[in-house]
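# Results of the structural survey
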Amino acid sequence: MSKPSKCITLDDDRIIPEVVRLHLHMWGGDRKASELPSEVDLNGCPNLTDVSMLGRLIKLDLSNTVVADVSMLGSVRFLYLSGCRNIVDVSNLGGVEHLDLSRTLVKDVSALGHVKKLSLEDCANVEDVYSLRYVEDLNLNYCPKIRDVSALGSVKTLSLYGCRSIKDYSAVPQARR
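Below is a summary of the structure that appears in this document.

On to a negative patch on the surface, then. On the surface, D50, D69, D89, D108, D128, D148 and D168 cluster together to form a negatively charged patch. For D128, a relative accessible area of 55% puts it in the exposed group.

Now for the sheet that holds strand β5 (residues 117-119). As summarised here, the arrangement of the seven strands in space is β1-β2-β3-β4-β5-β6-β7, forming an open sheet in which the pairing is parallel. In this open sheet, the two edge strands, each paired with only one partner strand, are β1 (39-41) and β7 (157-159). Within this sheet the neighbouring strands show an average axis-to-axis angle of 0°, counted without direction. When β1 meets strand β2 (residues 59-61), the two strands line up parallel, connected through three bridges. Bridged to D41 within β2 is D61.

This structure, assessed with the given rule, holds three salt bridges. With a shortest N-O distance of 3.0 Å, E97 and R77 are connected by a salt bridge. With E97 in the loop between β3 (78-80) and β4 (98-100) and R77 in the loop between β2 and β3, this residue pair connects regions lying 20 residues apart in the sequence. With a relative accessible area of 37%, R77 lands in the partly exposed category.

Cut-offs and rules
- Residues numbered from 1 in each chain as written.
- Predicted model: local features only at pLDDT ≥ 70, side-chain atom pairs only at ≥ 80, totals over all residues.
- Heavy atoms only, no water.
- Patch = residues over 30% accessible without salt bridge, like charges linked within 9 Å, V, L, I, M, F, W, Y side chains within 5 Å.
- Areas by Shrake-Rupley, 256 points an atom, 1.4 Å probe, with all protein chains shown as cover.
- Salt bridge = Lys/Arg side-chain N within 4 Å of Asp/Glu carboxyl O.
- Lys, Arg positive; Asp, Glu negative; His and termini not counted.
- Charge placed at Lys NZ, Arg CZ, Asp CG, Glu CD.
- Buried < 20%, exposed > 50% of the residue type's maximum accessible area, 1.4 Å probe, protein only.
- Pairing = 2+ DSSP bridges.
- Helix = DSSP H or I, 4+ residues; strand = E, 2+ residues; numbered from the N terminus.
- Axes fitted to C-alpha atoms, helices over the stretch in contact; angles between N-to-C directions.

Following this line, the structure appears as structure tokens:
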């Protein structure tokens, strides 16, 4: 049997609905790690728990999975973790450029102050956002525990819809609310 000359594209999830483990092999000894996929979408994979080997990707979508440990993903540039209810510690994700933590149980976001685009929409545990003052695009919609946004005056794009505990918006005239 000869080795295949090209890989196929799996863009219809009905093709492999029962896959438990998927191995991607590259033919030829002269291949480099840089030729691996740069973008992986695993949104909704129900049994995905260990993502430690995915830290070299450029774009990774793990939304709506049961992943808990994301400590090895700090080098991913675009990281989507929306709906990952098991994630608590995001202290190693400060180097991510675009980070979506919407609908997670994250509380401490102090390490995320240099993320360019950050979504914490519907994060019921987030209270202190002082460290996020250097984020360029910040979505805090429906975060019920946030009270003080006075440090966010330099955030270029700020969304605060549904943040009912905030009483004073004077320091953030740019905020959409």
